[in-house]
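# Working through the structure, step by step
So you can see what is in the structure, the chains are spelled out below.
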Amino acid sequence: MAALRKLTFAASLPLSGRWCSAAPAVFRCYSAAASGGDAKFPKNVIEHLNTSQEQQTNGVVYDKKPFRMELEEGKRYSWCLCGRSKAQPLCDGTHKLVQYKITQRPVRFQVEKNGTYWLCNCKQTKHRPFCDGTHKCEEVQKTSGK
Ligand code: FES
């Protein structure tokens, strides 16, 4: 049944555009806040439990702006890093489809308290999974993301 679900899902993916670009883009510019400013970012309280934060590459730009989301303390979430999930900003398992040769894995996270959070949807943040303003950089804004 799971295999059938995967095949059905794969068939629904578009075959052109950014979904098929195999190599993730590399952006070198970051916002002032992202490069060590005074800005405070929310904390992923389970960051120490997994290595997904340490992945060296970013995914493709899904959107050029963050996504606001109500999150619950104690609940575990999986943030999409590859940029190809259809359940953005969260992972839907697309990275497991072998035909896309996706190397990124989702970032598992939990928040410290219930509240509204801005999750990165450009997939270029240095504070995964939270938006740090990197999406404002010219290189991200010039992409074909939404
Ligand atoms: S959406 Fe703001 S840094 Fe990615």
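Residues numbered from 1 in each chain as written. Predicted model: local features only at pLDDT ≥ 70, side-chain atom pairs only at ≥ 80, totals over all residues.

### Side note on the overall build of the protein chain
Under the convention used in this document: Strands are runs of DSSP state E lasting at least two residues, helices are runs of H or I lasting at least four, and both sets are numbered from the N terminus onward. Three classes are used. A residue is buried when 20 or more other C-beta atoms lie within 10 Å of its own, exposed when 12 or fewer do, and partly exposed in between, with C-beta atoms placed from the backbone.
Looking only at helices and strands, one finds two helices and four strands in the protein chain. Shown N-terminal to C-terminal, the secondary structure of the protein chain runs as helices and strands in the order α-β-β-β-β-α. Here the protein chain, with 146 residues, has 28% of them falling under the buried criterion.

### Re the confidence of the model for the protein chain
The cut-off we apply is this: One confidence number per residue, pLDDT, is output by the predictor and ranges from 0 to 100. Think of it this way: build a C-beta for each residue from its backbone, and any pair within 7 Å is a contact.
Residues at a pLDDT of 70 or more form 73% of the protein chain, whose mean pLDDT is 80. Looking over the protein chain, one finds the lowest element-wise mean pLDDT in helix α1 (residues 2-11), namely 37, and the highest in strand β2 (residues 77-79), namely 98. When the criterion is pLDDT under 50, residues 1-24 qualifies, and its contacts beyond four places in sequence or with other chains add up to 15 contacts.

### Things to note about the UniProt feature "domain: Iron-binding zinc finger CDGSH type" (unreviewed entry) in the protein chain
Rule in force here: UniProt positions are given in the numbering used here, feature names are shortened, and annotations may be inferred rather than shown by experiment.
As recorded in UniProt, the sites labelled "domain: Iron-binding zinc finger CDGSH type" (unreviewed entry) are residues 64-101 and 104-141. Between the end C-alpha atoms of residues 64-101 there is a gap of 24 Å, over a span that is 0% helix and 21% strand. When the span residues 104-141 is considered, its composition is 11% helix and 21% strand, and the gap between its end C-alpha atoms is 22 Å.

### Some remarks on unusual backbone geometry
In this chain, Gln-88 is followed by Pro-89 through a cis amide linkage whose omega measures 5°. By the secondary structure assignment, Pro-89 is in the loop between β2 and β3 (107-109). Here the residue pair Arg-128 and Pro-129 is connected by a cis peptide bond, since its omega of 5° sits within 30 degrees of zero. With respect to the helices and strands, the residue Pro-129 is situated in the loop between β4 (115-119) and α2 (138-141). The phi dihedral of Lys-101 is positive, around 50°, even though this residue is not glycine. With respect to the helices, strands and loops of the structure, Lys-101 is situated in the loop between β2 and β3. A positive phi angle is found at Lys-123, which is not glycine, with a value near 70°. With respect to the secondary-structure elements, Lys-123 resides in the loop between β4 and α2. A residue is classified by how many C-beta atoms lie within 10 Å of it, and Lys-123, with 30 of them, is buried.

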